[in-house]
Amino acid sequence: MDAIRTEKLSKCFGEVRAVDELTLSVAEGELFALIGSDGAGKSTTLRMLTGIMDPTSGAAYVLGSRMPEQGPKVAESIGYMSQRFGLYPDLTVLENIRFYAEIHMLPRKAVAPRIEELLAFAKLAPFKDRPAGKLSGGMKQKLGLACALIHTPRVLFLDEPTNGVDPVSRRDFWRILYQLLAQGVTICVTTAYLDEAERCHRVGLMHKGKLLACDAPQALKGLVKGGVLELETADPRHAVRLLSAAFPTGSVALFGERVHLYAADPEQAAGVAVHALEQGGMSPPTIRPVEPSLEDVVVSMIREQEQGEGSRL
Ligand SMILES: Nc1ncnc2c1ncn2[C@@H]1O[C@H](COP(=O)(O)OP(=O)(O)OP(=O)(O)O)[C@@H](O)[C@H]1O
């Protein structure tokens, strides 16, 4: 049985198709990431999967139960950490966890060892008496996770759990996720950080409610058509402007201080690029072919999609 399954799952808000016929499945014990730009429909998907929001059409199943209709049957098997996870700033770490234990109606005595376990797990034991409002961003997220885990869920939904968290705390957080995975928990996470998506077994790329691709990170990289050229120039922003004019149907993107060019025929594209930059008064760039990163996949697939939409207009 799949831990998570959606069939043509859709959600409309008036004219906006926030989720558009999304069909995917996540196996038990899998670590799955949903990625995509802001407004792609990731949070709405999670809300429907957790039974918080009704779909407009299509179906969502968690552990074989249709959501939201059969939600109560699996409620105790689902953990959910939303973007605006409700921690009470005036309550201490321990009180916050206890509060969530009460929501799940877990008997106070029986839950005590679980709380100890979670505090140790999230390395929050030394801070258990600190008000949540006085924790660092990374600690708040770990406390949010501890609260979402109080009832030992089998499927965990995390909506951008490390958003705005520093890199060290992000690594800590992911270490915890790996431990959960080792315990057999299925994890479905949305993230804006593609290095995090790279750590997942499979990644679904959403754009304007649609699933553009869904596969293992390495397999997704194979979807970049042609090749990726990386250009180093003295003025990368100006280079992007010149190259965008030279490659009206191609893809040009700024990657830090470098320019990435997606081309069906990289060799030919390199010649065109050099010419375009020289015509624009720039000295010849250093050009090398590079392995596509997940970011390249995202940029090139979204551009392809947008161009396809443009050509249909
Ligand atoms: N309750 C709502 N009412 C109206 N429109 C909504 C509502 N929730 C989401 N939307 C719209 O649906 C689309 C998808 O939003 P959603 O929050 O699911 O995207 P997302 O991929 O999670 O992005 P983000 O990371 O910014 O939350 C957006 O256009 C958003 O404005």
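Procedures and definitions
Residues numbered from 1 in each chain as written. Predicted model: local features only at pLDDT ≥ 70, side-chain atom pairs only at ≥ 80, totals over all residues. Heavy atoms only, no water. Domains from an automatic or database assignment. Contact = heavy atoms within 4.5 Å. Buried area = accessible area lost by both parts, 1.4 Å probe. Salt bridge = Lys/Arg side-chain N within 4 Å of Asp/Glu carboxyl O. Polar contact = N/O pair within 3.5 Å; in protein donor to acceptor, adjacent residues only side chain to side chain. Helix = DSSP H or I, 4+ residues; strand = E, 2+ residues; numbered from the N terminus. Buried < 20%, exposed > 50% of the residue type's maximum accessible area, 1.4 Å probe, protein only. Pairing = 2+ DSSP bridges. Axes fitted to C-alpha atoms, helices over the stretch in contact; angles between N-to-C directions.

A. Spatial organisation of the domain arrangement of the chain. Looking at the assigned domains, one finds that the chain contains domain 1 (2–215) and domain 2 (223–312). Of note, the centres of domain 1 and domain 2, computed from C-alpha atoms alone, are 36 Å apart. Residue-level contacts link eleven residues of domain 1 with nine residues of domain 2. Taken together, the two surfaces of domain 1 and domain 2 that pack against each other cover about 880 Å², and 77% of this comes from carbon and sulfur. Looking only at domain 1, the three residues that lose the most surface to domain 2 are Leu194, His207 and Leu212, adding up to 46% of its buried area. The tally of links from domain 1 across to domain 2 stands at one salt bridge. Salt-bridge contacts for Lys208 lead to Glu306; the nearest nitrogen and oxygen are separated by 3.0 Å. Run the count over domain 1 and domain 2 and you get two residue pairs in polar contact (both at pLDDT 80 or more). Of all the elements in the fold, those that place two or more residues in the side of domain 1 that touches domain 2 are helix 7 (194–198), strand 9 (202–207) and strand 10 (210–215).

B. Looking closely at the pairing of strand 7 (residues 155–159). Burial analysis of strand 7 places five of its five residues in the buried class, which makes it a mostly covered element. Burial along strand 7 is two-sided: Val155, Phe157 and Asp159 and Leu156 and Leu158, pointing in opposite directions, are all buried. With four bridges joining them, strand 6 (residues 78–81) and strand 7 adopt parallel strand pairing. Its bridge partner being in strand 7, Met81 is matched across the sheet by Leu158.

C. Geometry of the sheet that holds strand 12 (residues 251–255). Read from one edge to the other, the open sheet built from four strands follows the order 12-13-11-14, with strand pairing classed as antiparallel. The sheet is open, and its two borders are formed by strand 12 and strand 14 (286–290), each paired with just one other strand. Here the average twist between neighbouring strands, direction ignored, is 25 degrees. Looking at chain direction, strand 12 and strand 13 (residues 258–263) are connected through five bridges and run antiparallel. Looking across to strand 13, one finds that Phe255 is bridged to Arg258.

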